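Here is what each chain is made of, one letter per residue.
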Amino acid sequence: MNPNKFLTNGKTKLVKGSILNPELGNLRLIFVPCSETGQPASRLHHLLDTKWKQAKSELKGWYASNVNFKLGSIQTTAVQSDTWLVHALCTDKSGNTSEKALQSCVKKLSDLAKYERGSVHVSMLTVEENPTLGDLLLTQCIEKGISVYFYEPTDKPAQEELST
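Remember, predicted model here, so these are calculated numbers, not experimental data. Per chain, residues are indexed from 1 in the order of the written sequence. In keeping with the predicted nature of the model, local features appear solely for residues at pLDDT of at least 70, side-chain atom pairs appear and are counted solely at 80 or more, and the whole-chain, interface and lining totals rest on all residues. Here the side-chain values reflect all heavy atoms present in the structure, with hydrogen atoms and water set aside.

1. Structural notes on the pattern of salt bridges
A pair is scored as a salt bridge if a Lys or Arg side-chain nitrogen falls within 4 Å of a carboxyl oxygen belonging to Asp or Glu. For the structure on display, the rule yields 7 salt bridges. Put simply, Asp-49 and Lys-53 hold a salt bridge, and the shortest N to O gap is 4.0 Å. Between Asp-49 and Lys-56 there is a salt bridge, with the nearest N and O atoms lying 3.5 Å from each other. With a 1.4 Å probe rolled over the protein chains alone, any residue whose accessible area is under 20% of its type maximum counts as buried; one over 50% counts as exposed, and the rest are partly exposed. Owing to a relative accessible area of 24%, Lys-56 belongs among the partly exposed residues under this scheme. Taken together, the shared-partner salt bridges in this structure form one network comprising Arg-43, Glu-128 and Glu-129.

2. A word on the pairing of strand E3 (residues 74-80)
As defined by bridge partners, E3 adjoins strand E4 (residues 83-91) across 6 bridges and the pair is classed as antiparallel. Across the sheet, residue Ala-78 finds its bridge partner in E4, namely Trp-84. Two strands pair if DSSP finds at least two bridges between them. By definition, any uninterrupted DSSP run of H or I lasting at least four residues is a helix, any uninterrupted run of E lasting at least two residues is a strand, and each is numbered from the N terminus. Between E3 and E4, which follow one another and run antiparallel, lie 2 residues.

By themselves, these observations are geometric and do not establish any function.
The structure is reproduced here in structure tokens:
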């Protein structure tokens, strides 16, 4: 099967900086994996909570309302006029990532980004926790013309020096 010559692949970029200040001028969709427990306990949630308090409350509200709260579902939260958090329910209650749910979430994220003409922004903290996420973003987003930005925190070496 030959690749589609008429479709332009999306771009990817590794940004040395915080995901709290995403690049690009159009709609920015920040991918935030969540757990079935409804608790914002990941490192990414703690980082997002420093700037956007509604990230935690929206996740807890989604869990409490129990509307469409099942593995493989996504929910968006507008934190700025051009920045949305996309909560992706892909981790079960025991803390294990469901590959099927992760694929479903990335597919829905891709469809949303294509419909809204936005770009996808992912923290390297998320990629470290879910190693298959990079390949999924390649096949579902980049090959379909959606730009994906990866953010590596600049204070990471300082954290590593403290742990040794």
